[in-house]
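# Topology and contacts: notes
Now for the letters of each chain:
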Amino acid sequence: MKRAAPLFLAATAAGALVGLTLPVHAAADGAAVYGRCAACHTKTGAGVPGVFPPLGEDFRVMAASDAGRRYLALVVTRGISGPIKVGGKPYAGVMPAQATLDDASVAAVLNHVGTEIAKTGPAFKPFAEAEVAALRAGGARLSAQDVGKLHASAGGQ
Ligand code: HEC
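The structure presented is a predicted model; accordingly, all values stated were derived computationally and were not measured. What you see as residue numbers is a count from 1 along each chain, following the sequence as written. With pLDDT at 70 or above as the cut-off, local features in this predicted model cover only qualifying residues; side-chain atom pairs require 80 or more to be listed or tallied, and sums for whole chains, interfaces and linings still use all residues. Calculation of side-chain values draws on the structure's entire complement of heavy atoms; hydrogens and water are dropped beforehand.

## Here we look at the side chain of D58
As for its placement among the helices and strands, D58 is situated in helix α2 (residues 57-62). Comment: no salt bridge for buried D58; closest opposite-charge side chain is R60, at 9.1 Å. Excluding residues within four positions of it along the chain, D58 makes contact with K85, V86, H151, G155, G156 and Q157. For helices the rule is a DSSP run of H or I covering at least 4 residues; for strands it is a run of E covering at least 2, with both sets numbered from the N terminus onward. Exposure classes here rest on a 1.4 Å probe applied to the protein chains alone. A residue is buried below 20% of its type maximum, exposed above 50%, and partly exposed in between. Residues counted as positive are Lys and Arg, residues counted as negative are Asp and Glu, and His and the chain ends are not counted. Each salt bridge in this description consists of a side-chain nitrogen of Lys or Arg and a carboxyl oxygen of Asp or Glu lying within 4 Å of one another. In this description, contact between two residues means that some pair of their heavy atoms is separated by no more than 4.5 Å.

## Side note on the packing of helix α4 (residues 103-117) against helix α5 (residues 129-138)
The angle between two axes is taken between their N-to-C directions and runs from 0 to 180 degrees, where each axis is a line fitted to C-alpha atoms and a helix contributes only its stretch in contact. Contact geometry of α4 with α5 gives a least axis separation of 8 Å together with a crossing angle of 110 degrees. By the angle class used here, α4 and α5 are roughly perpendicular. Residues D103, A104, V106 and A107 of α4 form the contact with α5, whose participating residues are E129, V132, A133 and R136. Charged means Asp, Glu, Lys or Arg here, nonpolar means Ala, Val, Leu, Ile, Met, Phe, Trp, Tyr, Cys or Pro, and polar covers whatever is left, Gly included. Looking at the contact of α4 with α5 residue by residue, the class counts come to five nonpolar, no polar and three charged. Angle categories are assigned with fixed cut-offs, so that under 35 degrees is roughly parallel, over 145 is roughly antiparallel, 65 to 115 is roughly perpendicular, and the rest are oblique.

## Section: the coordination of the iron atom of the ligand
Water is not part of the atom set, so a site may look incomplete; the donors themselves are N, O and S atoms within 2.8 Å of the metal, or 3.2 Å for Na, K and Ca. Within the protein, the atoms that donate to the iron atom of the ligand are H41 (NE2) and M95 (SD), at distances of 2.0 to 2.1 Å. Coordination geometry of the iron atom of the ligand: the six donor atoms subtend angles of 89 to 179 degrees at the metal centre, consistent with an arrangement described as octahedral. One end of the pair, H41, is in helix α1 (residues 4-41); the other, M95, is in strand β4 (residues 94-95), and 54 residues separate them in sequence. A residue is classified by how much of its surface remains accessible, and H41, at 11% relative accessible area, is buried. Angular criteria define each label, namely tetrahedral for four donors with all angles between 85 and 135 degrees, square planar for four and octahedral for six donors with opposite donors over 155 degrees apart and remaining angles between 65 and 115, and irregular for whatever fails these tests.

## Points about the packing of aromatic side chains
Any Phe, Tyr or Trp ring, taking Trp's six-membered ring, that has another such ring centre within 6.5 Å forms a pair; planes under 30 degrees apart are called stacked, those over 60 apart edge-to-face, and the others tilted. Considering all chains together, one arrives at one aromatic pair under this definition. One residue, R69, lies across the ring of F127, its end atom 4.1 Å from the ring centre. Counting as a charge over the ring demands two things of the Lys NZ or Arg CZ atom: a distance within 6 Å of the ring centre and an angle within 35 degrees of the ring normal.

## So, the pattern of salt bridges
According to the stated counting rule, one finds three salt bridges in the structure shown. The shortest N-O distance in the salt bridge between R69 and E131 comes to 2.7 Å. Remark: E131 occurs in helix α5 and R69 occurs in helix α3 (residues 66-78); sequence separation between them is 62 residues. With relative accessibility at 3%, the residue R69 sits in the buried group. One salt bridge connects D103 with R136, and the closest N-O pair in it is separated by 2.8 Å.

Quick look at the structure:
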């Protein structure tokens, strides 16, 4: 019994480590994928006025409604081409579809944006892989221009 104690402690420590590192890993995925978004939307998500929209107020509002969540998933999987207005500024660019991202990566990056970039707070409801899969399938025929037309009804301002 005397020898079992250190083993037990080691196992507990390992368990605690796994428990601590798992969520960090999950968050790191979204952060890693966000690297490709940051090339345009910038590291902080502030964007470039008139060129690359900020990922902030619009994102927070949209993530709270079904139409908005559909729009956000389709922006990433189908791309988007405006004209749209974000934060009162017009945008008429093109975001290429990030079509190589699988459903889990799309969910992870949207969750990273929701929590770390747009800082939605406790109201944020995380995207699930299955939700992204359904939204992607439902919008499979939409062009980037079609997605642009969804902006206003998705809660964009
Ligand atoms: C090559 C540049 C580029 C990359 C990479 C890019 N975007 Fe975009 N994104 C844009 C542009 C440009 C627009 C606005 C399109 C327009 O002007 O109509 C946009 C629009 C958006 C919108 C809509 C904003 C709103 O308020 O309606 C979201 C959300 C978004 N991008 C998220 C992402 C995410 C998440 C990624 C990474 C997975 C990403 N973007 C990668 C250029 C980019």
